[in-house]
Amino acid sequence: MDVITSARLIDSKTPSELFVHELAHLVWLLVYRPGFVDEQKSVLRSLRGVARKGAFRVVQSELAAAVAEASTQVRPPDGQVWRVELSTRMAFHTVRSIDTTAAVTATDLLGLARALASAEGSDEPGAGFDSQFVALASAAMTVELGRHGFSRAATPAHGVPAYGTRPARTPPTGMTSVETAVREPGYGAAALKPSALSPMAGANARPHIIQRELMPAARVDDVVIRLRGEITPQAAPVLFDEVTRLLEDHARDGAWAELIELAAKVMEREATITHPDVKRGASIVLKRLAKPGILRGVALLLPRHRDLRNCVQAFLLRQGDPAVDVLIELLVSADTSGERRAYRDALRQLPAATGPLQQLLKDHRWYVVRNAAELLGEMHAVAADQALIDLLKHSDARVRHAATLSLVKLGTPRAVQTILRALADPDASLRLKAAHGLGHVTHPGVVPGLVSALDRETDEATAHAILHALAHHPVDTAIQRIVHESTTGSLLKRRPVPRRLAATQALGEAKTDVARTALRSLAKDRERSVRE
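For clarity, every value in this text was computed on a predicted model and none was experimentally measured.

1. Quick notes on the pattern of salt bridges
Inference 1: For the structure on display, the rule yields 20 salt bridges.
Inference 2: Across the pair arginine 57 and glutamate 144 runs a salt bridge, and its minimum N-O distance is 4.0 Å. Of the two residues, arginine 57 is situated in strand β2 (residues 56-59) and glutamate 144 in strand β4 (residues 141-145); the sequence distance between them amounts to 87 residues.
Inference 3: Overall, the relative accessible area of 22% leaves glutamate 144 in the partly exposed class.
Inference 4: As a salt-bridge pair, arginine 318 and glutamate 270 come within 2.8 Å of each other at their nearest N and O atoms.

2. Some points on helix α7 (residues 127-135)
Inference 1: The buried fraction of α7 amounts to eight of the nine residues, a majority that puts the element mostly inside the structure.
Inference 2: Immediately beyond the C-terminal end of α7, within one or two residues, lies alanine 137, with a positive phi of roughly 55°.

3. Some remarks on empty space enclosed by the protein
Inference 1: Enumeration over the complete set of coordinates arrives at four cavities of 30 Å³ or more.
Inference 2: Here the second largest cavity is characterised by a volume of approximately 150 Å³.
Inference 3: As for the second largest cavity, its lining consists of 17 residues, and the residues nearest its centre are His25, Glu39, Gly254, Trp256 and Leu301.
Inference 4: Going through the elements one at a time, α2 (15-32) and α10 (256-272) are the ones with two or more residues in the lining of the second largest cavity.
Inference 5: Its residues placed into classes, the lining of the second largest cavity shows nine nonpolar, four polar and four charged.

4. A word on helix α15 (residues 337-348)
Inference 1: Taking 1.5 Å of rise per residue, twelve residues should cover 16 Å, and α15 covers 16 Å from first to last C-alpha, within 8% of that figure.
Inference 2: Looking at α15, one finds that the buried residues are Glu339, Ala342, Tyr343, Arg344, Ala346 and Leu347.
Inference 3: Where α15 is buried, its residues touch α3 (37-51), α12 (292-299), α13 (309-319), α14 (321-333) and α17 (366-378).

5. Considerations on the packing of aromatic side chains
Inference 1: The tally for this structure, following the rule as stated, stands at four aromatic pairs.
Inference 2: Ring geometry for tryptophan 28 versus tyrosine 32: centroids 5.7 Å apart, planes at 50°, classification tilted. With tryptophan 28 and tyrosine 32 both in helix α2, this residue pair falls four residues apart, about one helical turn. Summarising the burial analysis for this pair, tryptophan 28 and tyrosine 32 share the class buried.

6. Here we look at the environment of leucine 262
Inference 1: Inspection of the secondary structure puts leucine 262 in helix α10.
Inference 2: For the pair leucine 262 and valine 243, spaced 19 residues apart in sequence, the C-alpha to C-alpha distance is 8.3 Å.

7. Considerations on the packing of helix α22 (residues 446-456) against helix α23 (residues 460-471)
Inference 1: The geometry of α22 relative to α23 is characterised by a closest axis approach of 10 Å and an angle of 155° between their N-to-C directions. Relative to α23, the element α22 is oriented roughly antiparallel. Between α22 and α23 lies a crossing whose hand is left-handed. Across the interface between the two elements, Val447, Leu450, Val451, Ala453 and Leu454 of α22 pack against Ala463, Ile466, Leu467, Ala469 and Leu470 of α23.

8. Comments concerning the pairing of strand β3 (residues 95-100)
Inference 1: With five of six residues buried, β3 is to be regarded as a mostly interior element.
Inference 2: Bridge count for β2 against β3 is four bridges, and the pairing is antiparallel. Opposite valine 59, over in β3, you have serine 97 as the bridge partner.

Conventions we followed
Residues numbered from 1 in each chain as written. Predicted model: local features only at pLDDT ≥ 70, side-chain atom pairs only at ≥ 80, totals over all residues. Heavy atoms only, no water. Salt bridge = Lys/Arg side-chain N within 4 Å of Asp/Glu carboxyl O. Helix = DSSP H or I, 4+ residues; strand = E, 2+ residues; numbered from the N terminus. Buried < 20%, exposed > 50% of the residue type's maximum accessible area, 1.4 Å probe, protein only. 1 Å grid on protein atoms, 1.4 Å probe; cavity = no way out; pocket = protein on both sides within 12 Å on 5 of 7 lines; lining within 4 Å. Points joined across faces, edges and corners; volume = space filled by probe spheres on them. Nonpolar A, V, L, I, M, F, W, Y, C, P; charged D, E, K, R; others polar. Expected span 1.5 Å × (residues − 1). Contact = heavy atoms within 4.5 Å. Phe/Tyr/Trp six-rings, centres within 6.5 Å; stacked < 30°, edge-to-face > 60°. Axes fitted to C-alpha atoms, helices over the stretch in contact; angles between N-to-C directions. Parallel < 35°, antiparallel > 145°, perpendicular 65-115°, else oblique. Left-handed = near helix turned anticlockwise from the far one by under 90°. Pairing = 2+ DSSP bridges.

Right, here's the structure in full:
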């Protein structure tokens, strides 16, 4: 059974940490982003993916101690404000611990998060949460409630909720979230008071929900209007100080969408400023955001907010090396293909990423090496050709495939020679990829290499790929070999029809005079499929 025991786990990416991280994020969204249904669904899917890996246990007192310790760090870990919310909500509802098994469903987890996010409906501490939890009727979750502690499964013996409270019905995914004690009006996110990150009370106390001061929408709108207007050197310091405070408030509250929207407006305005002192002030505002915690929070928007993706990518491109480190960290730890795709797309825009990506080629995890190899090819990092060549000796075929495709994209002389050698690799699938790639590479050694490989090739799929690759190099040697492969062969060694068909198609792709003459002859062939 996994237990959250120390602040060190807050910074790790163990299944326990991922479970708490996603549960806390979902609760926070239900409380402060009730209308963000798509983001709630995305986090719920991630939470369910982690939850099915095994049994998990979250202890409020230990989580509170870990949160308090993390709050003293110079750089609080990612998702700190979400874990503060989860710890506080558990204490408010007198939830001492939560246990789940691998059989827990998305409906169970959503119902648990909604119950934690809800306001109390009774004077008895924990009664409102208890009634909602019992109504879930899930055999995959257990909670320990009350100041002195008692276990509560979601399926009591007689089906009667505790305290005589009528069970609440948990709305299905996609409906507006349950009413909560704190709602977020308007544009701005709520800003934590300084006391919000103070150590949480123990399990025997009943702390209050963190009180927050709402950021007035008018305050944000006023700053945006002033940014769009004329900025004199005298007014710039006051304006940029106010912008900086707003950005810091958003970061402290985890309101990354609001932060990037305001940062994008600063970048747009900076591009039009002509006065050097004013331009320098706007640049300083943006440089202050180049902190790992802020960059990580902004980068997390990439897989979940497509509408903000261009703004986020432009922001990360501006930040340079620090943004590269954060994106690579997120790419390595990503759990879903959608997350990996979003971070890869962003890294492609950052030329500074080629160096760190080459370092990842030495990682012991095959999927990390594969992702790095593919990205280096997509970024056309010609300086990485030797590092990718070395990967062709990797023990995992998936890594060798990725390296081969990237070498094709680089197209350096050294890369082409290596791909030609890959035509003799024992792995037929690797030979197939090499043949496909050589059809798009210009090098004097390509045609002789392909012809030689065709002589010894035993895999028909790879032989067909070699023929098509030769068609993309319409020199006499290549066309003559394709014509030879399109004939019936000798009386003692008839050529297989599939091989002849592949050669006939290759002649059509070559589109040379010799190829057309051969096709006219094949139109009278005795084999019907060849004639067609």
